[in-house]
Structures are given as C-alpha cells and as structure tokens.
Amino acid sequence: MPPGEAPPQPSPSPSSSAHPARSTRTGSRLHRVLGRTAAVLALVAGAALFSPAPAARAAVPLQTIGDFGANPGALNMYVYRPAGMPAGPAVVVALHGCTQSAQVCADDSGLTKFADRYGFLLVLPETTSANNSSRRHLPLTPAAPDPSCP
C-alpha cells in the first residue's frame, strides 16, 4: 500500500446495520397489522354479542281440522284460509318435508303469500311421532335439504 493512502474499508455485509433496521421496520409493521386485525375482530365480536336479537317472526295462523274422516295414518290436518277467500276456492295441498311440521312449512314455504294473492285454500297435513319417529322440526329452506329423506 502506498504511503499516505488509507487502508481499504471493508464493504458492509448483508447482515450489517442496514438489515436490523429493515427487520425492525418489518416487525413493527407486522405488529401494527396484527393489532388492527385484533381490534377489528373485537369490534365485530362485540357487535354480534351486544346487538339486539332479530325480531321473532309471527307464525302463520293455521286452523286445526279435528275430524276429517277415517285417519289410519294418525295424521293431523291444518288449513290456511286467506282473508277474502272466494266461495268454492281452489284447494292446494302442501306436504311438509320428512322432518318438518305443517306450521314450519306454512311459515317458511311462502305458500300463504300465494294463497293470499290468489285466494286458494291451503291444506297442510302433518305426520306425527306415531307414524314418523324421525320427525324433528327443521326449517324448510332450499339451501338446507332434508337429510332424512331418501
């Protein structure tokens, strides 16, 4: 090395002072993101826990028909009569799913709205535990097919 010349300086390695600062920034950013995510989740959970429950839906009024002839199947029968039903109306018989009830079918199927609109009598026979031991009351929805029906 010539006299008066400074010795060469070692070049900074990848793990020198530039890397820890980057690591600290990344860790700090990750900490902020996780903190914000936790805050959002806490707000969502709080809103779900402390929001008012949805209003209970009133059941469609069904009339029980007690004596409708021979009943070897031990069925129950209900009818829905829309207001202003004409004399001699059409009759629609709605059969509920394997694990449903006549009331659930009337409430969830939308048929009572059609009966109101078109003036037909809606008849809803219903199985009982005497003739269907697997009957449970499940909602009637297209998204939830009845698993007990073949």
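Shown above is the structure to which this text applies.
The sections below set out a description of the structure shown in this document. All values reported here derive from a predicted model rather than from experimental measurement.

Conventions used here
Residues numbered from 1 in each chain as written. Predicted model: local features only at pLDDT ≥ 70, side-chain atom pairs only at ≥ 80, totals over all residues. Heavy atoms only, no water. Helix = DSSP H or I, 4+ residues; strand = E, 2+ residues; numbered from the N terminus. Buried < 20%, exposed > 50% of the residue type's maximum accessible area, 1.4 Å probe, protein only. Contact = heavy atoms within 4.5 Å. Areas by Shrake-Rupley, 256 points an atom, 1.4 Å probe, with all protein chains shown as cover. Pairing = 2+ DSSP bridges. Axes fitted to C-alpha atoms, helices over the stretch in contact; angles between N-to-C directions. Patch = residues over 30% accessible without salt bridge, like charges linked within 9 Å, V, L, I, M, F, W, Y side chains within 5 Å. Salt bridge = Lys/Arg side-chain N within 4 Å of Asp/Glu carboxyl O. Phe/Tyr/Trp six-rings, centres within 6.5 Å; stacked < 30°, edge-to-face > 60°. Core = buried A, V, L, I, M, F, W, Y, C linked by side-chain atoms within 4.5 Å. Polar contact = N/O pair within 3.5 Å; in protein donor to acceptor, adjacent residues only side chain to side chain.

1. Let's talk about the overall build of the protein chain
Line of reasoning, step 1. Scanning the protein chain for helices and strands turns up 3 helices and 4 strands.
Line of reasoning, step 2. Burial status across the protein chain gives 21% buried among its 150 residues.
Line of reasoning, step 3. The long-range share in the protein chain, meaning contacts at least 24 apart out of those at least 6 apart in sequence, stands at 73%.
Line of reasoning, step 4. Accessible surface, the protein chain: about 11000 Å² in total, of which carbon and sulfur atoms supply 65%.

2. Points about the sheet that holds strand β1 (residues 63-65)
Line of reasoning, step 1. Sheet architecture is open: 4 strands sit in the order β1-β2-β4-β3, paired in mixed fashion. The open sheet has two edge strands, β1 and β3 (91-93), and neither has a second partner. For this sheet, the mean inter-axis angle between neighbouring strands, taken without regard to orientation, is 30°.
Line of reasoning, step 2. The sheet contact formed by β3 and strand β4 (residues 121-126) spans 3 bridges and is parallel. Looking across to β4, one finds that Val 91 is bridged to Leu 121.
Line of reasoning, step 3. Each of β2 (76-80) and β4 touches helix α2 (residues 102-109); the most contacted strand, β4, lies at about 140° to it.

3. Description of a nonpolar patch on the surface
Line of reasoning, step 1. Together, Val 91, Val 93 and Leu 95 give the surface a local cluster of nonpolar side chains, amounting to about 320 Å² of exposed area.
Line of reasoning, step 2. As for its placement among the helices and strands, Val 93 is situated in strand β3.

4. Notes on the packing of aromatic side chains
Line of reasoning, step 1. This structure, assessed with the given rule, holds 1 aromatic pair.
Line of reasoning, step 2. Taking the centre distance of 6.3 Å and the plane angle of 10° together, the rings of Phe 114 and Tyr 118 count as stacked. Of this pair, Phe 114 and Tyr 118 are both found in helix α3 (residues 111-118), 4 residues apart, which corresponds to roughly one turn of the helix.
Line of reasoning, step 3. On the basis of relative accessible area, Tyr 118 is assigned to the exposed category, the value being 56%.

5. Concerning unusual backbone geometry
Line of reasoning, step 1. Notably, Ala 74 is not glycine yet its phi reads approximately 55°, a positive angle.
Line of reasoning, step 2. Checked against the element boundaries, Ala 74 lands in the loop between β1 and β2.

6. A word on the pairing of β4
Line of reasoning, step 1. In terms of burial, β4 is largely enclosed, as 6 of its 6 residues are buried.
Line of reasoning, step 2. Alternating residues of β4 divide into Leu 121, Val 123 and Pro 125 and Leu 122, Leu 124 and Glu 126, and every residue in both groups is buried.
Line of reasoning, step 3. In the sheet, β2 pairs with β4 via 5 bridges, with the strands oriented antiparallel. Within β4, the residue paired with Met 77 across the bridge is Pro 125.

7. Remarks on the nonpolar core
Line of reasoning, step 1. Counting residues in each nonpolar core, the largest one holds 11 residues, listed as Val 60, Tyr 78, Tyr 80, Ala 94, Ala 102, Cys 105, Ala 106, Ala 115, Phe 120, Leu 122 and Leu 124.
Line of reasoning, step 2. Where this core is concerned, the elements lending two or more residues are β2, α2 and β4.
Line of reasoning, step 3. At 3 residues, α2 tops the list of elements feeding residues into this core.
Line of reasoning, step 4. Counting residues in each nonpolar core, the second largest holds 5 residues, with Met 77, Val 79, Leu 121 and Val 123 among its members.

8. A word on the side chain of Glu 126
Line of reasoning, step 1. For Glu 126, the position within the fold is in strand β4.
Line of reasoning, step 2. Looking at Glu 126, its side chain comes within polar contact range of the side chain of Tyr 78, at 3.5 Å.
Line of reasoning, step 3. In terms of polar contacts, Glu 126 uses its side chain to reach the backbone amide nitrogen of Ala 102, at 2.9 Å.

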